[in-house]
Amino acid sequence: MIDLKDLRENPDRYKAAVAKKRVNFDIDAFLKLDEEVRLLKNETETLRAAQNAASKEIPKLQGDEKQAKIAEMKQVADKLKASSDKLVVSEEEWKRLRLFIPSIPLDAVPEGKDDSENVEIRKWGEIPSFSFTPKSHIELGNDLDIVDIERGVKIAGSRNYFLKGDGALLQHAVLNYTRDFLIERGFTLLDPPHIVNYEAMEGTSYFPGGEEQAYKLDERDNKYLIGTSEVSLTSYHMDEILDASELPKKYIGYSPCYRREAGTYGKDTAGLYRIHQFYKVEQVVICKNDPAESAKHHAEILKNAEDLIQSLNIPYRVVDVCGGDIGMGQVYKNDIESWMPSRDSYGETHSCSTFHDFQARRLNLRYRDTDGNLHICHTLNNTCIASPRILISLLELNQNEDGSVNIPEPLQSYMGGRTRISKS
RNA sequence: GGUGGAAUGGCCGAGUGGUUGAAGGCGCUGGUCUUGAAAACCAGAAACGGGGAAACUCGUUCGGGGGUUCGAAUCCCUCUUCCACCGCCA
């Protein structure tokens, strides 16, 4: 959610944001409604002030005088009811609409309509060339009997899978390695709820708007499966007032993630790329309300992810996500795309977002500064590893001509010291 | 699932229809005292929104929503959450 005062003072900046993010929102119409709501509010409040004054006066009055005043106030109460009924209707729409006003992207966010116009800002690693015909992760998974997509689909429908034996072990190796990597860098591990209420989804700005992508429990529970532990971690301090001295808060979420992938029929149907359920080790930072501070942490969590995939020797590139591809709430976003030989291209594996106060304002997440004043926090998040998508790169890049796969050095201790996966 | 109890400010907690935005305590800020700190004492301070250049002013908020009333933290309905006990289950 944005600061409405800022919107009233700088409507043009928000119109520019709407244009840059390719969002469908009429700023002028909203401002008109905003004006209307404030007029109604004024009217209601004036009547209520009269009522409050009378309710101090009435107990002091006696007899006829008292009865006359009560009769008079009965009229006022009726007027107030009519006025506040009108206000409630307008205000409801006002509250609904303001959740759709996008934040203002930083100047660094490039113009562009969709992910095809994201801008590469750096590259790391050598794209490998194989002296033999490399297999895809699907073939490797089948041949080594470590990925079973067919049976996953049989029991759970499309975009589901089993990891089996060394495949499952490799996944937990890379996740646990990442977990320890971040703990080493001062993050606090949280094992979060995977099922959350509407407030957490709205507070992190997935709702309203993203309902189609989230699995919802049935009506009697009215809860949602998280698509990322960002939801749980960023909401962790919802409605709290933190002390400035506690900031920044740096958390790691280690959780499964569930996504409906509605509207992606026919896209990335093969293999482990686009699936309904995966694990993610996620970084979340809550910091002071200062763009420079946010920028510093953005660089830090981006670097953590880059350092990690460098340690796994996966070639990647970093892109500036363009206006049309960035979310409604984010003010700046980088994706890291890892090299995937079978796709003969980079595939998105990480997403690093700065929100400034957009989420924190919705979550009512504040801190008290040393001067005693309250401020709304800033929030950020970045993937550190998401699996099994990263297994595409890991399996395909480390394959040998004989069909075996080398286990990257940092993961070996997480797999009992073994150095390769081969057919048993 | 059943029965009972509860939800008040940063925290704890008093408050059962009118001057209660709310006693008291803790914590916080400033001051006195002290070489400094602690203790003690004095003083200050809720959040959110509207109007205003400002001083200031108006409104809202006692878990959420609805109702009764001229007037609700207080009475009624409803939902949510928490606690206790019982039942069931991992």
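Conventions used here
- Residues numbered from 1 in each chain as written.
- Chains lettered and ligands numbered in written order.
- Predicted model: local features only at pLDDT ≥ 70, side-chain atom pairs only at ≥ 80, totals over all residues.
- Heavy atoms only, no water.
- Buried < 20%, exposed > 50% of the residue type's maximum accessible area, 1.4 Å probe, protein only.
- Helix = DSSP H or I, 4+ residues; strand = E, 2+ residues; numbered from the N terminus.
- Pairing = 2+ DSSP bridges.
- Axes fitted to C-alpha atoms, helices over the stretch in contact; angles between N-to-C directions.
- Contact = heavy atoms within 4.5 Å.
- Near = heavy atom within 4 Å.
- Polar contact = N/O pair within 3.5 Å; in protein donor to acceptor, adjacent residues only side chain to side chain.
- Nonpolar A, V, L, I, M, F, W, Y, C, P; charged D, E, K, R; others polar.
- Phe/Tyr/Trp six-rings, centres within 6.5 Å; stacked < 30°, edge-to-face > 60°.
- Lys NZ or Arg CZ within 6 Å of the ring centre and 35° of its normal.
- Disulfide = S-S within 2.5 Å.
- Salt bridge = Lys/Arg side-chain N within 4 Å of Asp/Glu carboxyl O.
- Parallel < 35°, antiparallel > 145°, perpendicular 65-115°, else oblique.
- Left-handed = near helix turned anticlockwise from the far one by under 90°.
- Domains from an automatic or database assignment.

> Could you give me a rundown of the pairing of strand β11 (residues 332–340), with the residues and numbers involved?
For β11, a buried count of nine out of nine residues is recorded, marking the element as mostly surrounded by other parts of the structure. As paired strands, strand β10 (residues 316–320) and β11 are joined by five bridges and run antiparallel to one another. The partner of D320 across the bridge, within β11, is N334. By the bridge criterion, nine bridges tie β11 to strand β12 (residues 345–356) in an arrangement that is antiparallel. Residue pairing in the sheet places I336 in a bridge with H350 of β12. Taken together, β11 and the strand that follows it, β12, pair antiparallel across an intervening segment of four residues, in which D344 is found at a positive phi of about 50°.

> Could you give an account of the sheet that holds strand β8 (residues 249–258), with specific residues and numbers?
If you trace the eight strands from one edge of the open sheet to the other, you get β1-β10-β11-β12-β15-β9-β8-β4, paired in mixed fashion. Two strands bound the open sheet, and with one partner strand each, they are β1 (119–124) and β4 (188–190). Ignoring which end each strand starts from, the neighbouring axes of this sheet average 25° apart. Running over the sheet, helix α10 (residues 291–311) touches β1, β8, β9 (277–287), β10, β11, β12 and β15 (378–387) and is turned about 5° from β15.

> Now, about the protein's contact with RNA strand B: what can you tell me, with residues and values included?
As a matter of local geometry, RNA strand B sits amid 22 residues, with R8, R38, R48, I58 and K74 nearest to it. Near the protein, meaning within 4 Å, the atoms of RNA strand B are sugar or phosphate in a fraction of 77%, with bases accounting for the rest. The contact in question runs from a sugar or linking oxygen of RNA strand B to an N or O atom on the side chain of K41, over 3.4 Å. Those elements that place two or more of their residues in the surface near RNA strand B are α1 (4–9), α3 (27–57) and α4 (63–98). It is α3 that contributes the most residues to the surface near RNA strand B, nine residues altogether. A breakdown of the residues in the surface near RNA strand B according to their chemical character gives eight nonpolar, four polar and ten charged.

> Which residues make up the packing of aromatic side chains, and what values go with them?
Within the structure shown, the criterion is met by eleven aromatic pairs. With centroids separated by 5.8 Å and ring planes inclined at 20°, the aromatic side chains of W124 and Y316 adopt a geometry described as stacked. In this pair, W124 sits in strand β1 while Y316 sits in strand β10, placing the two residues 192 residues apart along the sequence. Here the guanidinium or amino end of R343 rests over the ring plane of Y273, the centre of that ring lying 3.6 Å away. Positioned above the aromatic ring of Y273 is the side chain of R389, whose terminal nitrogen or guanidinium carbon lies 3.7 Å from the ring centre.

> Lay out unusual backbone geometry in plain terms, naming residues and giving numbers.
Omega for the peptide link from F207 to P208 comes to -10°, which places this bond in the cis form. Within the secondary structure, P208 is located in the loop between α8 (198–203) and β6 (224–225). With an omega of 0°, the peptide bond running from L247 to P248 counts as cis. Mapped onto the secondary structure, P248 falls in the loop between β7 (241–243) and β8. The phi torsion at N313 lies on the positive side, around 60°, for a residue other than glycine. Note that N313 resides in the loop between α10 and β10. At D344, a position not held by glycine, the phi torsion is positive, near 50°. Tracing the backbone shows D344 in the loop between β11 and β12.

> Just give me the short version of the state of the cysteines, but keep the residues and values in it.
Summed over the entire model, instances satisfying the criterion amount to zero disulfides. Free cysteine C287: the closest other cysteine sulfur is in C377, separated by 7.9 Å.

> Describe the pairing of β8, with residues and values.
Summarising burial for β8: nine of the ten residues are buried, a large majority. In this sheet, β8 lies alongside β4 in parallel orientation, the contact comprising three bridges. The residue of β8 that forms the bridge with L189 is I252. The sheet contact formed by β8 and β9 spans ten bridges and is antiparallel.

> A description of the pattern of salt bridges should follow, citing residues and the corresponding values.
Tallied over the entire structure, the rule returns 30 salt bridges. Here K15 ties to D28 by a salt bridge, and the two come within 3.0 Å at their closest N and O atoms. Separated by 13 residues along the polypeptide, K15 in helix α2 (residues 11–20) and D28 in helix α3 bring together distant segments of the chain. What makes K15 partly exposed here is its relative accessible area of 32%. You can call D28 partly exposed: its relative accessible area is 45%. Between R151 and D148 there is a salt bridge, and its shortest N-O distance comes to 2.6 Å. On the basis of relative accessibility, which here comes to 46%, the residue R151 falls in the partly exposed class. D148 sits in the buried class, given a relative accessible area of 10%. Salt bridges here are not isolated pairs; linked through shared partners, they connect R8, D34, E35 and R38.

> If you had to explain the packing of α3 against α4 to someone new, which residues and values would you point to?
Look at α3 against α4: their axes get within 8 Å of each other, and the N-to-C directions meet at 155°. For the element pair α3 / α4, the angle class is roughly antiparallel. Crossing geometry of α3 relative to α4 is assigned as left-handed.

> Could you give an account of the domain arrangement of chain A, naming the residues involved and the relevant values?
Each assigned domain of chain A is listed here: domain 1 (4–98) and domain 2 (115–421). Just the C-alpha atoms count here: the centres of domain 1 and domain 2 sit 43 Å apart.

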